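Chain by chain, the residues run as shown.
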Amino acid sequence: MEDFFPQLLIDLLIVSIAFSVILMALIQKFKSVSFIKKSWQVWILNLFFSFVIGIPFGMTFYNLDWKNGLWVGLFSFIGASSIYEALKQQNIINYTPNSISDVVTIPTENEIVRDEK
């Protein structure tokens with residue numbers, strides 16, 4: 001396997017996956033800002049944060065040099081949007097429960113009687 005996928009590539013992909021999750025959460029927070037209205041603005045934010053935060057992330061937490069940090073930024077730029085789209089299609093991001101009521105009704109035969117001491 002080492003001949004086909006170099007260990008450095010696998011390591012950089014693992015770091016990128018970890019950072020992509022953080023990047024996706026950050027982008028989601030910025031999407032709620034009122035001046036972000038178009039998809040190209042989200043794309044620019046994703047590109048910007050991928051490199052501005054991705055390079056120091058790799059350098060700080062994984063002791064990568066800046067060149068490998070660039071690769072982490074590139075892989076994260078591609079990966080964060082892919083993770084978001086996959087979760088969106090699985091209906092996890094926009095999940096709303098069927099019952100939003102705060103009231104729960106329990107039949108009396110299911111009531112657990114406790115002795116007060």
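Structure: see above.
Residues numbered from 1 in each chain as written. Predicted model: local features only at pLDDT ≥ 70, side-chain atom pairs only at ≥ 80, totals over all residues. Heavy atoms only, no water.

Engineer: Looking at this model, I keep getting lost on the environment of Lys31. Mind explaining?
Structural biologist: Within the secondary structure, Lys31 is located in helix α1 (residues 7–31). Looking at Lys31, the relative accessible area reads 31%, which means it is partly exposed. Considered as a pair, Lys31 and Leu45 are 14 residues apart in the sequence and their alpha carbons are 9.4 Å apart. (Helix = DSSP H or I, 4+ residues; strand = E, 2+ residues; numbered from the N terminus. Buried < 20%, exposed > 50% of the residue type's maximum accessible area, 1.4 Å probe, protein only.)

Engineer: Quick question: what am I supposed to make of helix α2 (residues 39–52) here?
Structural biologist: Note that an α-helix has 3.6 residues per turn; residues three or four places apart therefore point the same way. A rise of 1.5 Å per residue sets the reference length of α2, with its 14 residues, at 20 Å; its end C-alpha atoms lie 20 Å apart and thus fit the reference within 8%. Every buried residue belonging to α2 is among Gln41, Val42, Leu45, Asn46, Phe49 and Ser50, and all of these are buried. In an axial view of α2, the angular spread of the buried residues amounts to 165°, which keeps them on one side of the axis. (Expected span 1.5 Å × (residues − 1). Arc of directions from axis to C-beta.)

Engineer: So what exactly am I meant to see when it comes to unusual backbone geometry here?
Structural biologist: Leaving glycine aside, a negative phi is the common case for residues, and trans is the common case for peptide bonds. At Asn63, a position not held by glycine, the phi torsion is positive, near 55°. Taking the relative accessible area as the measure of exposure, Asn63 reaches 69% and is therefore exposed.

Engineer: Got a minute to help me understand the packing of aromatic side chains in this structure?
Structural biologist: When we look at a pair of aromatic rings, we describe it by the centre distance and by the angle of the planes. Evaluation of the coordinates by the stated rule reveals eight aromatic pairs. Considering the side-chain rings of Phe30 and Phe49, the 5.1 Å spacing of their centres and the 50° angle between planes classify their relative orientation as tilted. Here Phe49 lies in helix α2 and Phe30 lies in helix α1, a separation of 19 residues in the sequence. Judged by relative accessible area, which is 29%, Phe30 ranks as partly exposed. Judged by its relative accessible area of 10%, Phe49 is buried. (Phe/Tyr/Trp six-rings, centres within 6.5 Å; stacked < 30°, edge-to-face > 60°.)

Engineer: Explanation requested: a nonpolar patch on the surface in the structure shown.
Structural biologist: Residues Trp40, Trp43 and Ile44 make up a contiguous nonpolar surface patch of roughly 370 Å² in combined accessible area. By the secondary structure assignment, Trp43 is in helix α2. (Patch = residues over 30% accessible without salt bridge, like charges linked within 9 Å, V, L, I, M, F, W, Y side chains within 5 Å. Areas by Shrake-Rupley, 256 points an atom, 1.4 Å probe, with all protein chains shown as cover. Salt bridge = Lys/Arg side-chain N within 4 Å of Asp/Glu carboxyl O.)

Engineer: It is not clear to me how the packing of α1 against α2 should be interpreted in this structure. Could you clarify?
Structural biologist: Geometrically, a packed helix pair is captured by the angle between its two axes and the distance between the axes. Their axes nearest at 10 Å, the elements α1 and α2 cross at an angle of 140°. Between α1 and α2, the angle is such that the two are oblique. The element α1 and its partner α2 pack so that their crossing is right-handed. When α1 is examined against α2, the residues Phe19, Leu23, Leu26, Ile27, Phe30 and Lys31 are found in contact with a partner set consisting of Val42, Leu45, Asn46, Phe49 and Ser50. Of the residues contributing to the contact of α1 with α2, the split by class is eight nonpolar, two polar and one charged. (Axes fitted to C-alpha atoms, helices over the stretch in contact; angles between N-to-C directions. Parallel < 35°, antiparallel > 145°, perpendicular 65-115°, else oblique. Left-handed = near helix turned anticlockwise from the far one by under 90°. Contact = heavy atoms within 4.5 Å. Nonpolar A, V, L, I, M, F, W, Y, C, P; charged D, E, K, R; others polar.)

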